[in-house]
Amino acid sequence: MINIVLFGKPGAGKGTQAEFLKQKYNLMHLSTGDIFRYNIQNDTELGQLAKKYMDKGDLVPDAVTIKMLEDIVNKNLNSAGFLFDGFPRTLAQALELDDFLSKKDWKVTATIALEANDEILINRILERGKTSGRTDDQDEEKIKHRYQEYNEKTAPLIEYYKKQNKFYPINGIGSITEITERLSKVIDNL
Ligand SMILES: Nc1ncnc2c1ncn2[C@@H]1O[C@H](COP(=O)(O)OP(=O)(O)O)[C@@H](O)[C@H]1O
């Protein structure tokens, strides 16, 4: 069982890399952002609730996000491991994830962070917004607000995982294959 948290600011390339890593290491990819968007498209109750927050660039409340994630993990207990993408995003989510996994005798194996500077990332998101249809990617103010949320609520997790010797930062600038190689090097040495 190997559980990887893919960490990084909005636009860091977590989703792109997850597509490669899930194949290579036979992991189940869980992107909370994708799951919320799927629910919004299908107009579920969860989707309607999440949309109110996501449209503003706010994080969805912890209780909602945590329950959603745990339900999916519980339905996939035979998985060889999980690739968490966009989760945890708050200290409360990280604490709950550790607690939840430890009850199954599992743990977070490593948190790998894709690093890049804000200017590059904001431009990437605006580019993505032209084709992705994601409304939260099209408005610079909303993107800036997502960065504020990141700095305030998500960045403290770096220290949390560093203290556990589980934090592996890698350079997130380069070609997609170069970055996959950097990530693979970390995972192969775990
Ligand atoms: N773990 C989470 N906790 C709270 N909200 C989340 C979480 N994951 C995703 N979201 C919501 O979904 C939005 C999009 O997330 P995501 O697809 O990961 O995009 P990005 O990494 O580009 O910001 C976030 O801005 C937030 O509103």
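Remember, predicted model here, so these are calculated numbers, not experimental data.

**Brief notes about the pattern of salt bridges**
Right, so step 1: Counted under the stated rule, the structure contains 15 salt bridges.
Right, so step 2: Residue D71 is joined to K67 by a salt bridge in which the shortest nitrogen-to-oxygen separation is 2.7 Å. Taken together, the positions of D71 and K67, both in helix 4 (residues 62-74) and 4 residues apart, correspond to about one turn of that helix.
Right, so step 3: Among the residues examined, D71 registers a relative accessible area of 32% and is labelled partly exposed.

**Some thoughts on the sheet that holds strand 4 (residues 110-115)**
Right, so step 1: Pairing in this open sheet of 5 strands is parallel, and the strands run 2-3-1-4-5 from one edge to the other. Two strands close off the open sheet at either side, each with one partner strand: strand 2 (28-31) and strand 5 (167-171). Pairs of neighbouring strands in the sheet enclose a mean axial angle of 20°, with direction left out of account.
Right, so step 2: Here strand 2 runs beside strand 3 (residues 81-85); their pairing, made up of 4 bridges, is parallel. If you follow H29 over to strand 3, its bridge partner there is L83.
Right, so step 3: On top of the sheet, helix 1 (residues 14-25) reaches strand 1 (2-8), strand 2, strand 3 and strand 4; it is set at about 170° to strand 3, its chief contact.
Right, so step 4: Most of the contacts of helix 2 (residues 32-41) go to strand 2, to which it runs at about 70°, and overall it touches strand 2 and strand 3.

Cut-offs and rules
- Sequence positions are assigned chain by chain, starting from 1 and proceeding in written order.
- Reporting of local features is limited, given that this is a predicted model, to residues whose pLDDT is at least 70; pairs of side-chain atoms are given and counted only at 80 or more, and all residues count toward the totals for whole chains, interfaces and linings.
- As a rule here, side-chain values cover all heavy atoms of the structure and leave hydrogens and water aside.
- For this document, the term salt bridge refers to a Lys or Arg side-chain nitrogen within 4 Å of an Asp or Glu carboxyl oxygen.
- To qualify as a helix, a DSSP run of H or I must reach at least 4 residues; to qualify as a strand, a run of E must reach at least 2; elements of each kind are numbered from the N terminus.
- The buried label applies to any residue whose accessible area, calculated with a 1.4 Å probe on protein chains only, is under 20% of its type's maximum; exposed applies above 50%, and partly exposed to all values in between.
- Two strands are counted as paired when DSSP detects at least two bridges linking them.
- Note on definitions: angles span 0 to 180 degrees between N-to-C directions of axes, and those axes are lines fitted to C-alpha atoms, for helices only across the stretch in contact.
- Contacts were defined at the residue level, with two residues in contact if any of their heavy atoms lie within 4.5 Å.

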